[in-house]
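Here's the letter readout for the chains.
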Amino acid sequence: MRGKTVDLRVVRTQQAIQDALVELIEEKGFEAMTVKDITTRARINRGTFYAHYRDKYDLMAKCEEEMMAQLSKLVKQTVPSVTAEMRHSPARLAIFPLVITVFRFLNEHSRFMKAALGPKGDITFQTRFKDFFREMMLGNSPDVLINENECLVPPKYFSTYVGSAHIGVIQQWLESSRREPPEEMARILATILVHGPLYAAGLKKLPESEPPVAEFMEGTNTNQ
(Lines give C-alpha, C1' and ligand atoms only; values in the text may rest on other atoms or scores of the structure.)
Protein backbone atom coordinates (compact mmCIF):
# COMPACT_ATOMS: atom_id res chain seq x y z
CA MET A 1 0.00 0.00 0.00
CA ARG A 2 2.82 2.34 0.89
CA GLY A 3 4.36 1.93 -2.57
CA LYS A 4 1.06 2.79 -4.22
CA THR A 5 0.73 5.91 -2.06
CA VAL A 6 4.19 7.10 -3.13
CA ASP A 7 3.36 6.48 -6.78
CA LEU A 8 0.12 8.47 -6.53
CA ARG A 9 1.98 11.30 -4.85
CA VAL A 10 4.50 11.35 -7.67
CA VAL A 11 1.72 11.40 -10.26
CA ARG A 12 -0.01 14.30 -8.50
CA THR A 13 3.24 16.24 -8.22
CA GLN A 14 4.06 15.77 -11.90
CA GLN A 15 0.54 16.80 -12.86
CA ALA A 16 0.82 19.96 -10.75
CA ILE A 17 4.12 20.81 -12.45
CA GLN A 18 2.67 20.20 -15.92
CA ASP A 19 -0.43 22.28 -15.13
CA ALA A 20 1.83 25.10 -13.95
CA LEU A 21 3.83 24.83 -17.18
CA VAL A 22 0.73 25.26 -19.34
CA GLU A 23 -0.60 28.17 -17.26
CA LEU A 24 2.71 29.98 -17.45
CA ILE A 25 3.02 29.47 -21.20
CA GLU A 26 -0.41 31.04 -21.58
CA GLU A 27 0.51 33.97 -19.33
CA LYS A 28 4.11 34.85 -20.14
CA GLY A 29 5.45 32.37 -22.70
CA PHE A 30 7.78 29.41 -22.42
CA GLU A 31 11.03 31.29 -22.99
CA ALA A 32 10.21 33.93 -20.36
CA MET A 33 9.28 31.57 -17.54
CA THR A 34 11.75 30.25 -14.99
CA VAL A 35 11.93 27.16 -12.81
CA LYS A 36 11.10 29.43 -9.87
CA ASP A 37 7.91 30.50 -11.65
CA ILE A 38 6.97 26.85 -12.12
CA THR A 39 7.68 25.79 -8.54
CA THR A 40 5.81 28.78 -7.13
CA ARG A 41 2.78 28.10 -9.31
CA ALA A 42 2.83 24.35 -8.57
CA ARG A 43 3.40 25.04 -4.85
CA ILE A 44 6.43 22.82 -4.57
CA ASN A 45 10.06 23.44 -3.64
CA ARG A 46 12.91 23.44 -6.14
CA GLY A 47 14.24 20.14 -4.83
CA THR A 48 10.95 18.44 -5.71
CA PHE A 49 11.08 19.88 -9.22
CA TYR A 50 14.66 18.75 -9.80
CA ALA A 51 13.80 15.27 -8.55
CA HIS A 52 11.69 14.91 -11.71
CA TYR A 53 13.20 17.25 -14.31
CA ARG A 54 16.62 18.75 -15.09
CA ASP A 55 15.23 22.14 -16.11
CA LYS A 56 12.24 23.69 -17.87
CA TYR A 57 13.45 22.36 -21.22
CA ASP A 58 13.54 18.81 -19.91
CA LEU A 59 10.04 19.29 -18.47
CA MET A 60 8.73 20.56 -21.80
CA ALA A 61 10.44 17.79 -23.76
CA LYS A 62 8.99 15.06 -21.54
CA CYS A 63 5.49 16.52 -21.75
CA GLU A 64 5.77 16.68 -25.53
CA GLU A 65 7.18 13.16 -25.76
CA GLU A 66 4.28 11.82 -23.71
CA MET A 67 1.75 13.52 -25.97
CA MET A 68 3.43 12.31 -29.14
CA ALA A 69 3.71 8.76 -27.78
CA GLN A 70 -0.02 8.66 -27.03
CA LEU A 71 -0.94 10.11 -30.43
CA SER A 72 1.46 7.80 -32.24
CA LYS A 73 -0.09 4.78 -30.53
CA LEU A 74 -3.59 5.80 -31.62
CA VAL A 75 -2.46 6.46 -35.18
CA LYS A 76 -0.64 3.14 -35.45
CA GLN A 77 -3.80 1.36 -34.32
CA THR A 78 -5.79 3.09 -37.07
CA VAL A 79 -3.36 3.15 -40.00
CA PRO A 80 -3.45 -0.58 -40.92
CA SER A 81 -7.20 -0.57 -41.55
CA VAL A 82 -6.97 2.74 -43.40
CA THR A 83 -4.16 1.60 -45.69
CA ALA A 84 -6.03 -1.63 -46.44
CA GLU A 85 -9.19 0.31 -47.28
CA MET A 86 -7.28 2.75 -49.49
CA ARG A 87 -6.54 -0.12 -51.85
CA HIS A 88 -10.25 -0.48 -52.53
CA SER A 89 -13.11 1.75 -53.67
CA PRO A 90 -13.74 4.40 -52.46
CA ALA A 91 -10.06 4.43 -51.54
CA ARG A 92 -9.75 8.21 -51.41
CA LEU A 93 -12.35 8.44 -48.64
CA ALA A 94 -10.79 5.85 -46.35
CA ILE A 95 -8.57 8.44 -44.64
CA PHE A 96 -11.45 9.97 -42.67
CA PRO A 97 -11.28 7.59 -39.65
CA LEU A 98 -7.61 8.46 -39.20
CA VAL A 99 -8.22 12.21 -39.36
CA ILE A 100 -11.05 12.04 -36.84
CA THR A 101 -8.84 10.01 -34.48
CA VAL A 102 -6.25 12.79 -34.56
CA PHE A 103 -8.76 15.59 -33.94
CA ARG A 104 -10.44 13.75 -31.09
CA PHE A 105 -7.06 13.35 -29.43
CA LEU A 106 -6.24 17.02 -29.94
CA ASN A 107 -9.61 17.99 -28.50
CA GLU A 108 -9.01 15.86 -25.41
CA HIS A 109 -5.59 17.46 -24.82
CA SER A 110 -6.43 20.86 -26.27
CA ARG A 111 -5.07 23.08 -23.50
CA PHE A 112 -1.55 21.65 -23.63
CA MET A 113 -1.53 21.40 -27.42
CA LYS A 114 -2.72 24.99 -27.83
CA ALA A 115 -0.06 26.25 -25.43
CA ALA A 116 2.78 24.16 -26.87
CA LEU A 117 1.93 24.84 -30.53
CA GLY A 118 0.99 28.49 -30.04
CA PRO A 119 3.17 31.60 -30.49
CA LYS A 120 4.25 31.50 -26.83
CA GLY A 121 5.05 27.79 -26.88
CA ASP A 122 7.97 25.68 -28.02
CA ILE A 123 8.99 26.24 -31.64
CA THR A 124 10.79 22.90 -31.70
CA PHE A 125 7.50 21.12 -30.91
CA GLN A 126 5.97 22.58 -34.05
CA THR A 127 8.80 21.07 -36.05
CA ARG A 128 8.42 17.72 -34.29
CA PHE A 129 4.68 17.76 -34.97
CA LYS A 130 5.23 18.45 -38.66
CA ASP A 131 7.73 15.61 -38.81
CA PHE A 132 5.19 13.31 -37.18
CA PHE A 133 2.61 13.98 -39.89
CA ARG A 134 5.18 13.61 -42.65
CA GLU A 135 6.30 10.27 -41.27
CA MET A 136 2.70 9.12 -40.82
CA MET A 137 1.77 9.99 -44.39
CA LEU A 138 4.79 9.04 -46.46
CA GLY A 139 7.58 6.47 -46.53
CA ASN A 140 8.63 3.04 -47.73
CA SER A 141 7.35 0.94 -44.81
CA PRO A 142 3.97 -0.84 -44.87
CA ASP A 143 2.62 1.18 -41.92
CA VAL A 144 2.42 4.52 -43.76
CA LEU A 145 -0.43 5.82 -45.89
CA ILE A 146 1.46 6.62 -49.06
CA ASN A 147 4.44 4.86 -50.58
CA GLU A 148 6.89 7.57 -51.59
CA ASN A 149 7.83 5.59 -54.70
CA GLU A 150 4.30 6.17 -56.01
CA CYS A 151 4.40 9.97 -55.62
CA LEU A 152 3.96 12.04 -58.78
CA VAL A 153 6.10 14.84 -57.30
CA PRO A 154 9.38 14.68 -55.34
CA PRO A 155 8.53 13.11 -51.95
CA LYS A 156 10.39 15.78 -49.95
CA TYR A 157 8.10 18.50 -51.33
CA PHE A 158 4.97 16.43 -50.92
CA SER A 159 5.79 15.57 -47.30
CA THR A 160 6.65 19.18 -46.48
CA TYR A 161 3.36 20.36 -47.95
CA VAL A 162 1.36 17.78 -46.01
CA GLY A 163 3.14 18.45 -42.71
CA SER A 164 2.79 22.23 -42.96
CA ALA A 165 -0.84 22.03 -44.03
CA HIS A 166 -1.79 19.78 -41.13
CA ILE A 167 -0.06 21.88 -38.50
CA GLY A 168 -1.52 25.11 -39.90
CA VAL A 169 -5.10 23.83 -39.77
CA ILE A 170 -4.61 22.45 -36.26
CA GLN A 171 -3.09 25.70 -34.95
CA GLN A 172 -5.93 27.74 -36.44
CA TRP A 173 -8.52 25.47 -34.84
CA LEU A 174 -6.87 25.57 -31.42
CA GLU A 175 -6.38 29.35 -31.53
CA SER A 176 -10.04 29.88 -32.46
CA SER A 177 -11.14 28.01 -29.30
CA ARG A 178 -12.15 24.84 -31.16
CA ARG A 179 -15.42 26.32 -32.40
CA GLU A 180 -15.97 23.33 -34.66
CA PRO A 181 -16.29 19.87 -33.07
CA PRO A 182 -13.59 17.29 -33.91
CA GLU A 183 -15.90 15.52 -36.36
CA GLU A 184 -16.43 18.72 -38.36
CA MET A 185 -12.70 19.48 -38.39
CA ALA A 186 -12.05 15.95 -39.61
CA ARG A 187 -14.50 16.56 -42.45
CA ILE A 188 -12.84 19.88 -43.33
CA LEU A 189 -9.30 18.52 -43.39
CA ALA A 190 -10.33 15.27 -45.09
CA THR A 191 -12.10 17.29 -47.79
CA ILE A 192 -8.90 19.20 -48.52
CA LEU A 193 -6.76 16.06 -48.38
CA VAL A 194 -9.06 13.86 -50.44
CA HIS A 195 -10.30 16.29 -53.08
CA GLY A 196 -7.58 18.95 -53.08
CA PRO A 197 -7.48 22.68 -52.27
CA LEU A 198 -9.05 23.74 -55.57
CA TYR A 199 -12.17 21.71 -54.84
CA ALA A 200 -12.27 22.99 -51.24
CA ALA A 201 -12.07 26.56 -52.60
CA GLY A 202 -15.00 25.93 -54.93
CA LEU A 203 -12.87 26.25 -58.06
CA LYS A 204 -13.07 22.63 -59.18
CA LYS A 205 -15.92 20.15 -59.47
CA LEU A 206 -15.64 16.45 -58.77
CA PRO A 207 -16.27 13.78 -61.38
CA GLU A 208 -19.68 12.16 -60.95
CA SER A 209 -17.95 8.90 -60.05
CA GLU A 210 -16.15 10.47 -57.08
CA PRO A 211 -18.39 11.08 -54.04
CA PRO A 212 -17.46 13.99 -51.75
CA VAL A 213 -16.26 13.38 -48.22
CA ALA A 214 -19.46 14.87 -46.80
CA GLU A 215 -21.52 12.17 -48.55
CA PHE A 216 -19.23 9.47 -47.21
CA MET A 217 -19.62 10.82 -43.67
CA GLU A 218 -23.40 10.57 -43.77
CA GLY A 219 -23.02 6.81 -43.43
CA THR A 220 -20.26 7.00 -40.83
CA ASN A 221 -20.86 6.76 -37.09
CA THR A 222 -18.74 9.68 -35.83
CA ASN A 223 -19.63 9.06 -32.20
CA GLN A 224 -17.57 5.92 -31.85
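Whatever comes next refers back to the structure up there.
All values reported here derive from a predicted model rather than from experimental measurement.

Draft legend 1. Quick look at helix H8 (residues 155-175). End to end, H8 covers 30 Å across 21 residues, agreeing with the expected 30 Å (1.5 Å per residue, within 8%). If you check which residues of H8 are buried, you get Ser-159, Val-162, Gly-163, His-166, Ile-167, Ile-170, Trp-173 and Leu-174. Seen along its axis, H8 keeps its buried residues to an arc of 130°; they face one direction. Those residues of H8 that are exposed and aimed more than 90 degrees away from the buried face are Tyr-157 and Gln-172. At the C-terminal side of H8, Ser-177 shows a positive phi close to 60°.

Draft legend 2. A look at the packing of helix H6 (residues 110-117) against H8. The N-to-C vectors of H6 and H8 enclose an angle of 115°; their axes lie 10 Å apart at closest approach. Classified by chirality, the crossing of H8 by H6 is left-handed. Each of Ser-110, Met-113, Lys-114 and Leu-117 in H6 lies in contact with H8, whose residues at this interface are Ile-167, Ile-170, Gln-171, Leu-174 and Glu-175. A per-class count over the contact of H6 with H8 returns five nonpolar, two polar and two charged.

Draft legend 3. Layout of the layout of surface pockets. What the second largest pocket holds in volume is close to 320 Å³. Around the second largest pocket sit 16 residues that line it, and Gln-15, Gln-18, Asp-19, Met-67 and Phe-112 are the ones nearest its centre. Of all the secondary structure elements, the ones that give two or more residues to the lining of the second largest pocket are helix H1 (2-28), helix H4 (56-85) and H6. It is H1 that provides the largest number of residues to the lining of the second largest pocket, a total of seven residues.

Draft legend 4. Representation of the packing of helix H5 (residues 96-108) against H8 in the model. Two elements in contact, H5 and H8, have axes separated by 12 Å at closest approach and are oriented at 40°. The crossing of H5 and H8 is right-handed. Between H5 and H8, the contacting residues are Phe-103, Leu-106 and Asn-107 on the first element and Val-169, Ile-170 and Trp-173 on the second. For the contact of H5 with H8, the class distribution of residues is five nonpolar, one polar and no charged.

Draft legend 5. Summary view of empty space enclosed by the protein. The tally for this structure, following the rule as stated, stands at one cavity of 30 Å³ or more. There is about 50 Å³ of room inside the largest cavity. What lines the largest cavity is simply Ile-95, Leu-98, Val-99, Val-102, Phe-103, Phe-133, Met-136, Met-137, His-166 and Leu-189. Put simply, the parts of the chain that give the lining of the largest cavity at least two residues each are H5 and helix H7 (123-137). Looking at the lining of the largest cavity element by element, the count peaks at four residues for H5. Looking at the lining of the largest cavity residue by residue, the classes come out as nine nonpolar, one polar and no charged.

Calculation criteria
Residues numbered from 1 in each chain as written. Predicted model: local features only at pLDDT ≥ 70, side-chain atom pairs only at ≥ 80, totals over all residues. Heavy atoms only, no water. Helix = DSSP H or I, 4+ residues; strand = E, 2+ residues; numbered from the N terminus. Expected span 1.5 Å × (residues − 1). Buried < 20%, exposed > 50% of the residue type's maximum accessible area, 1.4 Å probe, protein only. Arc of directions from axis to C-beta. Axes fitted to C-alpha atoms, helices over the stretch in contact; angles between N-to-C directions. Left-handed = near helix turned anticlockwise from the far one by under 90°. Contact = heavy atoms within 4.5 Å. Nonpolar A, V, L, I, M, F, W, Y, C, P; charged D, E, K, R; others polar. 1 Å grid on protein atoms, 1.4 Å probe; cavity = no way out; pocket = protein on both sides within 12 Å on 5 of 7 lines; lining within 4 Å. Points joined across faces, edges and corners; volume = space filled by probe spheres on them.

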